[in-house]
Amino acid sequence: MKYISTRGGDTPQSFSDILLGGLAPDGGLYLPEQYPQVSAAELAEWRELPYHALALRILQKYIDDIPACDLKTLSDRTYTEHTYRWCRPGCDAADITPLTTLSPGFHLLELSNGPTLAFKDMAMQLLGNLFEYVLAKREETINILGATSGDTGSAAEYAMRGKKGVRVFMLSPHGKMSAFQRAQMYSLQDENIVNIAIEGMFDDCQDIVKAVSNDAEFKARYKIGAVNSINWARVLAQIVYYFKGYFAATRSNNERVAFSVPSGNFGNICAGHIARMMGLPIARLVMATNENDVLDEFFRTGVYRPRGTADTYVTSSPSMDISKASNFERFVFDLVGRDPAVVRDLWKKVDAGGSFDLRDTPYIAKLASFGFVSGKSTHADRLVTIRDVWQKQQVMIDTHTADAVKVAREHLMAGVPMIVLETAQPVKFAETIQEALGCEPGRPKELEGIESLPQRVEVMPAEAGRVKALIAARC
Ligand SMILES: *Cc1c(COP(=O)(O)O)cnc(C)c1O
C-alpha cells in the first residue's frame, strides 16, 4: 500500500516514510492510493475478535512495510485493558471501547478510557509505539515540538513518555489550563518529556512552533517533528473503533448503523468516512459542531468558509473550538473524485485566507452519497443535554459528547442503531458539569489528588529564541 498527497505532487510513499512527517511536501495530506475493501467473510470473522486483534487486521490492510508479527506485537502492546482501564462502572475495560446503551437503539461508544481521559489516547498510544519501533529500525531520533491548550498535549506526552528515540517539547499557555490539565501534564517525571509554559496565550505557543519549524536549518539539525491531527497513522488508528462499535451495536452484518461524532479538526469523523468507504455498513455519519460551525455550514450549504482565529468562539466544548478543519481536505479529495488539481484549486483559496463554494458544481449532488448529515449545538443545548441524559439514564456525559448526543437526536433513522462517540470524561470539564448538574463529576480513584503532586515545567516568555535555546541545551 502506497500513500499519495491530496495535492498530487509527490511520488507515492510507503507507510513508514510518512509516519514521522506531517504535511506532504506539496502542502497536501496523505491518503492511501485506494481504500482496501472488507469482504463479507472478513466482516464475519472480525465480529468475534477482541480489540487488539481487530486493530491488527485493519492495520495490516494499510501497512505493508512492517512485518506482520511486529505489527501484532505493537497492537497487542497498545490496546490493553490496563491502558484503557478508566471505564464507567459496570463496563468491561477488556472491551477497550465499551458500549453503553442509553435507550433502545441509542448508544454511547466510550473512547475516553485511556490515560488522559479523552479519545485522542486511542490513536496517540499506537503512534507512540509505532514511532519507537520505526526510529529504532532506522537508528534515528526525533524531537517532537507541539503546542497545546489541553487535550492533545497530554495525550501526546502520555503516549511518548519513556519511548526510546523520542523527546517531547510541549508548549502550553502559562496559567490558562485547568488545574487538572496542568497536573496531568506537569506531574510527568519522565526525562524525555519537557513541559514549557509560555507567558502568553495558546496562539503565542502556536506561533512559536511555526517560527521554529520554519527555521529549516534548526529543524533539520534537531530533527524537529510533530504529532498533530493530520498525521495519517492517527486517522488510521481511529478507523478501528468504528468497526468495533458496529459489531457491539448489531447482531448481524446485514444491519446498518449511524455514528454521531463531535467534530473539530475532522480527524475522528474522517476515520468514519474511511471505514464506510472500506465497506462497513454505515447508513449515516452525523457531524456535530459547537458554536464554531464551519463544517455544519459546509454540509448544509456546500460553502466552506474557514474563520480567522479572532472569529473563533471560546466555548465549553473547547476541543472543538477550531477556525479551520485541518483534516477536511482528505474528505474533499474523495468528494471531488480524487482529482488533485481540483483540491489544489480549492485550497489555493483557503490557504490565502478565503473560502470556496461548491453550490454550482456537480460535487454538491455527490455530497449526499457519502452519508453525511450535520448539526450544531450551543452552550445552552449542552447544559440541557447533560441534564437530560443524567436524569433519564443516570449517565454523566462530558460537554463534547453532549454536542454529539444533541445533534444525533435530530437525525435518527427508524430501525438504524445510533452510536454516539464519547470523546472525553466529564471530570475534564468539571465547571460545565457543575453548571448543568450542580455537582462535581467523579474521577478515577488513582487520579485523586494529582493536583498536589510535584510538577516539572519551565516558564518562559513568548520568544521563539528562548525555546530554541532550551531545545539545543537538552539535545
Ligand atoms: C480533539 C477532540 C474532539 C474533536 O476531534 P477531531 O478529530 O478534531 O474532529 C472532540 N472531543 C474531544 C474531547 C477532543 O479532545
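Heads up: the structure comes first, above all this text.
> So, the packing of aromatic side chains: which residues are in play, and what are the values?
Within the structure shown, the criterion is met by 28 aromatic pairs. Considering the side-chain rings of Tyr242 and Phe259, the 4.8 Å spacing of their centres and the 65° angle between planes classify their relative orientation as edge-to-face. Placement of the pair is Tyr242 in helix H10 (residues 232–249) and Phe259 in strand E9 (residues 257–262), with a sequence separation of 17 residues. The exposure class of Tyr242 is buried, given its relative accessible area of 0%. Residue classification places Phe259 among the buried residues on the basis of a relative accessible area of 0%. On the numbers, 4.9 Å between centres and 75° between planes, the contact of Phe298 with Phe328 is edge-to-face.

> Describe the packing of helix H3 (residues 51–62) against helix H4 (residues 68–78), naming the residues involved and giving the relevant values.
Relative to each other, H3 and H4 sit at 140°, their axes nearing to 9 Å. If you check the angle between H3 and H4, you find them oblique. Relative to H4, the crossing made by H3 is right-handed. Contact residues: H3 offers His52, Ala55, Leu56, Leu59 and Gln60, while H4 offers Ala68, Leu71, Lys72, Ser75 and Asp76.

> Go over the state of the cysteines with me, naming the residues and quoting the values.
Counted by the stated rule, this structure contains 0 disulfides. Here Cys91 is not disulfide-linked; the sulfur of Cys87 is the nearest cysteine sulfur, at 5.5 Å. By relative accessible area, which is 22% here, Cys91 ends up partly exposed. Cys439 takes part in no disulfide bond, and the closest cysteine sulfur to it belongs to Cys91, at a distance of 19 Å.

> Please provide a residue-by-residue account of the side chain of Thr250, values included.
Tracing the chain through its elements places Thr250 in the loop between H10 and E9. Judged by relative accessible area, Thr250 falls into the buried class, the value being 7%. A distance of 2.8 Å separates a polar atom in the side chain of Thr250 from a polar atom in the side chain of Arg47. Among the polar contacts listed, one links the side chain of Thr250 to the backbone oxygen of Tyr246, at a separation of 2.7 Å. With residues near it in sequence (within four places) discarded, Thr250 still touches Arg47, Glu255 and Val257.

> Describe the site of the ligand, with residues and values.
Of all residues adjacent to the ligand, which total 15 residues, the nearest are Lys120, Asp151, Gly264, Asn265 and Asn268. Taking Lys120, its side chain carries an N or O atom lying 2.5 Å from an oxygen atom of the ligand. Between an oxygen atom of the ligand and a main-chain N or O atom of Asn268, the distance comes to 2.9 Å. When isolated, the ligand has an accessible area of 380 Å², and the protein chains bury 97% of it. Broken down by class, the residue content of the shell around the ligand amounts to 5 nonpolar, 8 polar and 2 charged.

> Explain the nonpolar core to me, using residue names and the numbers behind them.
Nonpolar side chains in soluble globular proteins tend to end up buried together. In terms of nonpolar packing, the biggest core is built from 113 residues, with Tyr62, Phe131, Phe243, Phe266 and Phe328 touching the most fellow members. No other element matches the 13 residues that H10 contributes to this core. Apart from the residues within four sequence positions on either side, Phe328 is in contact with Asn265, Phe266, Leu295, Phe298, Phe299, Tyr304, Trp347 and Phe356. Core analysis: the next-biggest nonpolar cluster, separate from the first, contains 25 residues, Leu102, Phe106, Val389 and Leu437 among them.

Rules behind the numbers
Residues numbered from 1 in each chain as written. Predicted model: local features only at pLDDT ≥ 70, side-chain atom pairs only at ≥ 80, totals over all residues. Heavy atoms only, no water. Phe/Tyr/Trp six-rings, centres within 6.5 Å; stacked < 30°, edge-to-face > 60°. Helix = DSSP H or I, 4+ residues; strand = E, 2+ residues; numbered from the N terminus. Buried < 20%, exposed > 50% of the residue type's maximum accessible area, 1.4 Å probe, protein only. Axes fitted to C-alpha atoms, helices over the stretch in contact; angles between N-to-C directions. Parallel < 35°, antiparallel > 145°, perpendicular 65-115°, else oblique. Left-handed = near helix turned anticlockwise from the far one by under 90°. Contact = heavy atoms within 4.5 Å. Disulfide = S-S within 2.5 Å. Polar contact = N/O pair within 3.5 Å; in protein donor to acceptor, adjacent residues only side chain to side chain. Near = heavy atom within 4 Å. Areas by Shrake-Rupley, 256 points an atom, 1.4 Å probe, with all protein chains shown as cover. Nonpolar A, V, L, I, M, F, W, Y, C, P; charged D, E, K, R; others polar. Core = buried A, V, L, I, M, F, W, Y, C linked by side-chain atoms within 4.5 Å.

Any link to function would need more than the numbers given here.
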